[in-house]
Amino acid sequence: QVQLVESGGGLVQPGGSLRLSCAASGTFFRLNAMGWHRQAPGKERELVARILSDGSPNYGDSVKGRFTISRDNAKNTVDLRMNSLKPEDTAVYYCSADLMHTRYWGQGTQVTVSS
C-alpha cells in the first residue's frame with residue numbers, strides 16, 4: 001500500500017507561480033512512475049506530468065515549457081513547479097504513484113488561477 005499526501009495548492013493570479021509537493025509513504029522499496037494529473041469541473045482527469053524512477057519526465061502538451069516535475073527517490077517525494085499559470089490551469093491536482101501494476105492516488109489539492 002502507498003499513501004500520498006499533497007500540499008501547496010491555492011489561489012494565484014494569472015502569470016503567477018505555485019509549487020505542489022507530494023510525499024509517499026508505505027511499504028515499498030522503490031516507486032515506479034510518480035506524477036500529477038488534474039481534473040477541472042466537467043472535464044476528464046488529464047495527465048499534467050509524470051516522472052520515472054530514473055528521472056525521465058514527460059509532460060502534457062498544455063503545460064510543456066511552463067511546468068517542471070522533479071522527484072527525490074530517497075525521500076519518496078515528487079514536486080511540480082508551475083510557472084506562467086493561466087486560468088485554464090484551474091483544477092484539482094492529484095498526485096499519483098505507480099507500484100507494481102497499481103496506481104495510487106492522493107486526495108487532491110485545489111489550484112485556482114484567477115484575478
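Scroll up for the structure.
On a predicted model such as this, the values are computed, not experimentally measured, just so you know.

Some details on the pairing of strand β7 (residues 67–72)
Side chains F67, I69 and R71 of β7 all project onto a buried face; the interleaved residues T68, S70 and D72 project onto a face where none is buried. Between the antiparallel neighbours β7 and strand β8 (residues 77–82) lie 4 residues, among them N76 with a positive phi of about 55°.

A few points about the state of the cysteines
Using the criterion set out here, one finds 1 disulfide in the structure. The partner cysteine of C22 in its disulfide is C95, sulfur to sulfur 2.1 Å. One quick way to see it: the torsion about the S-S bond of C22 and C95 is about -85°, and its sign makes the bridge left-handed. In this pair, C22 sits in strand β3 (residues 18–26) while C95 sits in strand β9 (residues 91–99), placing the two residues 73 residues apart along the sequence. When sorted by exposure, C22 lands in the same class as C95, which is buried.

Overview of the nonpolar core
Ranked by size, the top nonpolar core spans 30 residues in total, and within it V2, W36, L80, M82 and Y93 carry the most contacts. Of all the elements in the fold, those that place two or more residues in this core are β1 (2–7), β3, β4 (34–39), β5 (46–51), β7, β8, β9 and β11 (109–113). The element that contributes the greatest number of residues to this core is β9, accounting for 5 residues. With residues near it in sequence (within four places) discarded, V2 still touches A24, S25, F28, L31, A97, L99 and Y104.

Comments concerning the sheet that holds β7
In spatial order, the strands read β1-β3-β8-β7; together these 4 strands make up an open sheet with antiparallel pairing. Edge strands, defined here as strands with exactly one partner in the open sheet, are β1 and β7. For this sheet, the mean angle separating the axes of adjacent strands, direction not counted, is 15°. The pairing of β7 with β8 spans 6 bridges and is classified as antiparallel. Bridging across to β8, F67 finds its partner in M82.

Reading guide: rules and limits
Residues numbered from 1 in each chain as written. Predicted model: local features only at pLDDT ≥ 70, side-chain atom pairs only at ≥ 80, totals over all residues. Heavy atoms only, no water. Buried < 20%, exposed > 50% of the residue type's maximum accessible area, 1.4 Å probe, protein only. Helix = DSSP H or I, 4+ residues; strand = E, 2+ residues; numbered from the N terminus. Pairing = 2+ DSSP bridges. Disulfide = S-S within 2.5 Å. Core = buried A, V, L, I, M, F, W, Y, C linked by side-chain atoms within 4.5 Å. Contact = heavy atoms within 4.5 Å. Axes fitted to C-alpha atoms, helices over the stretch in contact; angles between N-to-C directions.

Coordinates in, geometry out; function isn't part of it.
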